[in-house]
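Commentary on secondary and tertiary structure
For reference, the chains in residue letters:
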Amino acid sequence: MTNVPYDSAWSPEHQRLMELVEAEDASNGEVGCGRNWGSRLPVYLQTCHINVEDTAFRELLREHLGHRLMEVDFDRIVRLVRTFIEPIVVNAHIQGTLIAVQPIPTEPLIEEIPNEELQQRFKADLGEVCSQAELEQIVTFTHYVIHEVLLKSSLDLMLTVQQ
Amino acid sequence: LARTISLLQVQDQLIVEAQLLPLSDRHLEDAEAFWVPWLTRSGEADEYWDWVRKRNRSSLLRGTEFYAIEYGGVTQGLLALDISKKRCLIESQFRQRLVYILALATAPWNRPIIQTPPMFKGVGGQFTDFAIDRSRELGYKGRVGLHALPGAIEFYRKLRVRLIECGPDPDEPDNLVYFERLGETND
């Protein structure tokens, strides 16, 4: 625990620092946020710009699902898919122990967006760093996420109608 | 965007002036030279750094900003902010723009779990205060979002910046707890 004697001459900045230190003491110095990248953090910082391009991906989603989903649903799909991609990209740039990638359910799902179109989208943005197998993983995960979001949306609609 | 900030030098209980400034290759090289050996017990030879060195920084994604805190010529912390893609999740400000803290980390020697006593305190808090200021500068009225690592939840609860704890995020792979700060018009 920090014990710096209070000094009435402290500036507001120094007083604020003491508040920050107090908060830090409360968590035993743990202040991290975002994913726990450990020693891979510098790699993440250097590679986090490599991901599916937000606008183009959203456009593809709108084109195929615009009549069934809303922007807020697209926010969620984009966020989940981008998060899924992050460790794959980091792993493409390291050797040794790899970062765990989220498991993907194996049951076959309806292709709400044709595989080829998704492949094309991801290949355009990630083709230089991801293998074909990894691109397929991302496509499968995207189908899964879309399926989940559509299910939730239908459920919400049913509940609204019932009310 | 550089600014002078205060840190507490724990050993001498002294308040020192450090610099918070945009990230440069030197900060990442610092992390390579000083952070990684502390963080990896095995000392495995990661060759990724060759790639890191070669990266052209101008290719960094628009809308992502990177900062470092530096004291004594050494990198004491790293921060990445997403200033354009993330939206608020709290209902009262749903889908409004915010500054999202993608990553925040303090140097290993500033973490009591690795070194006791740690060298400096205040890095995480100064970065969070900076993210709020950056949000104001961008016209986002101080709206900030972040997912706290499990050990850091108490830190974000006690920061006194009115972060709202929204609970574990089911959409986040590790179910990390999401915090969001309300915009100033809602204060």
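Scroll up a little and you will see the structure.
Residues numbered from 1 in each chain as written. Chains lettered and ligands numbered in written order. Predicted model: local features only at pLDDT ≥ 70, side-chain atom pairs only at ≥ 80, totals over all residues. Heavy atoms only, no water.

**A short note on the overall build of chain A**
Looking only at helices and strands, chain A features six helices and zero strands. Ordered by position from the N terminus, the helices and strands of chain A form the series α-α-α-α-α-α. Taking 163 residues into account, the globule formula puts the C-alpha radius of gyration at 15 Å, and chain A, at 22 Å, lies well above it. When its C-alpha atoms are laid out on the principal axes, chain A stretches across 65 × 55 × 25 Å. Here the analysis covers contacts within chain A between residues at least 6 apart in sequence; of these, 71% occur between residues at least 24 apart. Only carbon and sulfur atoms are counted for the fraction: they give 52% of the accessible area of chain A, which is about 8,200 Å². Positive and negative side-chain charges in chain A, numbering 12 and 26 respectively, have mean positions lying 3 Å apart. (Helix = DSSP H or I, 4+ residues; strand = E, 2+ residues; numbered from the N terminus. Rg over C-alpha atoms; globule rule 2.2 N^0.38 Å. Contact = heavy atoms within 4.5 Å. Areas by Shrake-Rupley, 256 points an atom, 1.4 Å probe, with all protein chains shown as cover. Lys, Arg positive; Asp, Glu negative; His and termini not counted. Charge placed at Lys NZ, Arg CZ, Asp CG, Glu CD.)

**Describing the overall build of chain B**
Counting its regular elements, chain B contains four helices and nine strands. Scanning chain B from its N terminus toward the C terminus, one meets helices and strands in the order β-β-α-α-β-β-β-β-α-β-α-β-β. In chain B, which comprises 187 residues, the share counted as buried stands at 54%. Long-range contacts, defined here as pairs at least 24 residues apart, represent 59% of the contacts in chain B between residues at least 6 apart. In the structure as shown, chain B presents an accessible area of about 8,200 Å², 49% of it carried by carbon and sulfur atoms. (Buried < 20%, exposed > 50% of the residue type's maximum accessible area, 1.4 Å probe, protein only.)

**Points about the pairing of strand β7 (residues 144–148) of chain B**
The two faces of the sheet receive side chains in turn, since in a regular strand these alternate between them. Residues and elements named next belong to chain B. For β7, a buried count of five out of five residues is recorded, marking the element as mostly surrounded by other parts of the structure. Alternating residues of β7 divide into Val144, Leu146 and Ala148 and Gly145 and His147, and every residue in both groups is buried. For strand β5 (residues 99–106) and β7, the ladder comprises three bridges, and the chain directions are parallel. Each residue of the ladder has a partner; that of Tyr100, found in β7, is Gly145. Judged from the four bridges that link them, β7 and strand β9 (residues 177–181) form a sheet pairing that is antiparallel. Residue Leu146 lies in a different strand from β9, and its bridge partner there is Phe179. (Pairing = 2+ DSSP bridges.)

**Thoughts on unusual backbone geometry**
Residue and element names in this part refer to chain B. Between Thr116 and the following residue, Pro117, the backbone shows a cis peptide bond with an omega angle of -10 degrees. Residue placement: Pro117 occurs in the loop between β5 and β6 (120–121). Residues other than glycine seldom take positive phi values, yet Lys141 does so here, at roughly 60 degrees. Mapping Lys141 onto the fold places it in the loop between α3 (123–137) and β7. The class of Lys141 is partly exposed, set by a relative accessible area of 39%. Not every positive phi belongs to a glycine, and Arg162 is a case in point at roughly 60 degrees. Relative to the elements of secondary structure, Arg162 occurs in the loop between α4 (153–157) and β8 (163–168).

**Regarding the interface of chain B and chain A**
Interface size is commonly expressed as the accessible surface area that is lost when the partners come together. Residue-level contacts link 69 residues of chain B with 56 residues of chain A. Approximately 5,300 Å² of surface area, both sides summed, lies buried where chain B meets chain A, with 60% of it carried by carbon and sulfur atoms. Applying the counting rule to chain B against chain A returns eight salt bridges. For A:Arg79, the salt bridge is made with B:Asp171, and the minimal N-O distance between the two is 3.5 Å. Summed over the shared surface of chain B and chain A, the number is 13 residue pairs in polar contact (both at pLDDT 80 or more). (Buried area = accessible area lost by both parts, 1.4 Å probe. Salt bridge = Lys/Arg side-chain N within 4 Å of Asp/Glu carboxyl O. Polar contact = N/O pair within 3.5 Å; in protein donor to acceptor, adjacent residues only side chain to side chain.)

**Considerations on the side chain of A:Asn91**
Its location among the elements puts A:Asn91 in helix α4 (residues 71–92). In contact with A:Asn91, not counting residues within four places along its chain, are A:Leu98, A:Ile99 and A:Val101.

**Digging into the environment of B:Asp133**
Inspection of the secondary structure puts B:Asp133 in helix α3. Sequence separation between B:Asp133 and B:Ala2 is 131 residues; the distance between their C-alpha atoms is 12 Å.

**Digging into helix α5 (residues 115–126) of chain A**
All names here are of chain A. Here α5 is twelve residues long and its end C-alpha atoms lie 16 Å apart, about the 16 Å a rise of 1.5 Å per residue gives. Listing the buried residues of α5 in full gives Leu118, Gln119, Arg121, Phe122 and Leu126. Looking straight down α5, one finds its buried side chains confined to an arc of 165 degrees; they lie on one side. Residues Glu116, Gln120 and Ala124 are exposed on α5 and point more than 90 degrees away from its buried face. On its buried face, α5 is in contact with α3 (54–65), α4 and α6 (132–162). (Expected span 1.5 Å × (residues − 1). Arc of directions from axis to C-beta.)

**A short note on the side chain of B:Arg181**
All names here are of chain B. Along the polypeptide, Arg181 turns up in strand β9. Within the structure, Arg181 has its side chain in polar contact with the backbone oxygen of Gly142 (distance 3.1 Å). One polar contact links Arg181 to Glu184, side chain to side chain, over a distance of 2.8 Å.

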